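# Reading the structure
Residue strings, one per chain:
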Amino acid sequence: MGVEIIFKIAAVGIITAVVNQVLKHANKEEIATLTTLAGLIVVLLMVLNLIGTLFDTVRTMFNL
Amino acid sequence: MDIFKIVGVGIITAITALIVKQIKPEVSVIITISGGIVMLLMLVESLTNIFGAFNSIVEKSGLSSGLFSTILKIIGVGYITEFSANLCSDAGASSIADKILLSGKIIILVLALPIVSNIIDIISGLLP
């Protein structure tokens, strides 16, 4: 729980962009859009996990 | 001091979001959100110390603990509403942020109702 989660998300974003470019040049357009989508979903799941921990912490702390 | 750690994470998040903005703009919004969450999770244990101190003060002063837990709930609801409203306006959906703020205010009002009625009963009891 620190800076590494931020670098992980940035890395996934950059890798998705690179793979997208490579696939575009290998003129496989549809696979390129799919990989972009998959990369975004992975990033969203990571953030979802973080938001879940934050909301649980706030719930236990403020006993909402 | 862990203030430097928290500020460090904030600066790193801002720079990483800036870098990734050219490559993939959606991911930069997500990086700002997750950076904010990481900074907040670092504050948790100092917040628990503060609430522990408040609890002991309230017990010593003999106030009804129900009052203090309602205040805590209101603080929690207010904080979560403000956090998600900022999150939505960061992501560019300012209309949704306004709706979240409105719903937060209404929920806080509902939480505060028993206290208000409590005060009114006390006042009406005082008057002849």
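Residues numbered from 1 in each chain as written. Chains lettered and ligands numbered in written order. Predicted model: local features only at pLDDT ≥ 70, side-chain atom pairs only at ≥ 80, totals over all residues. Heavy atoms only, no water.

## Looking at the layout of surface pockets
Empty space among the atoms becomes apparent when a probe as large as a water molecule is rolled across them. To be explicit about the condition: Both site types are read off a 1 Å grid over the protein atoms alone. A 1.4 Å probe that fits but cannot get out defines a cavity, while an open set with protein on both sides within 12 Å along at least five of seven lines defines a pocket; lining residues have an atom within 4 Å of a point. Grid points are joined across faces, edges and corners, and a volume is the space filled by probe spheres set on the points. Put simply, DSSP marks the helices as runs of H or I at least four residues long and the strands as runs of E at least two long, and each gets a number from the N terminus on. Three classes are used, and their members are as follows: Ala, Val, Leu, Ile, Met, Phe, Trp, Tyr, Cys and Pro are nonpolar, Asp, Glu, Lys and Arg are charged, and the others, Gly among them, are polar.
The volume enclosed by the largest pocket comes to roughly 150 Å³. Taken together, Phe 55, Val 58, Arg 59 and Leu 64 of chain A together with Gly 76, Val 77, Ile 80, Thr 81, Ile 100, Ser 103, Gly 104 and Ile 107 of chain B make up the lining of the largest pocket. Looking at the lining of the largest pocket, the elements that each hand over two or more residues are helix H2 (29-62) of chain A together with helix H4 (65-90) and helix H5 (94-126) of chain B. Residue composition of the lining of the largest pocket, grouped by class: 7 nonpolar, 4 polar and 1 charged.

## With respect to the confidence of the model for chain B
Residue and element names in this part refer to chain B. Rule in force here: For every residue, the pLDDT score states the predictor's confidence, bounded by 0 at the bottom and 100 at the top.
Residues with a pLDDT of 70 or more make up 99% of chain B, whose mean pLDDT is 89. The secondary-structure element of chain B with the lowest mean pLDDT is helix H3 (residues 44-61), recorded at 86, while H5 shows the highest, at 92. ipTM for the predicted complex: 0.85, alongside a pTM of 0.81.

## Observations regarding the nonpolar core
To keep things clear, this is the line we draw: Put simply, a nonpolar core is a bunch of buried Ala, Val, Leu, Ile, Met, Phe, Trp, Tyr and Cys residues held in one set by side-chain atoms that sit within 4.5 Å of each other. Exposure is judged per residue with a 1.4 Å probe applied to protein chains only, and the accessible area is read against the type maximum: over 50% gives exposed, under 20% gives buried, and values in between give partly exposed.
Counting 32 residues, the largest nonpolar core has Ile 9 of chain A together with Ile 31 and Ile 37 of chain B as the members making the most contacts within it. Listing elements by their share of this core, those giving two or more residues are helix H1 (3-25) and H2 of chain A together with helix H1 (2-23), helix H2 (25-42), H3 and H4 of chain B. Among the elements that take part in this core, H2 of chain A stands out by supplying 9 residues, more than any other.

## A closer look at unusual backbone geometry
Residue and element names in this part refer to chain A. The phi torsion at Asn 27 lies on the positive side, around 30°, for a residue other than glycine. In this structure, Asn 27 sits in the loop between H1 and H2. For Asn 27, a relative accessible area of 64% puts it in the exposed group.

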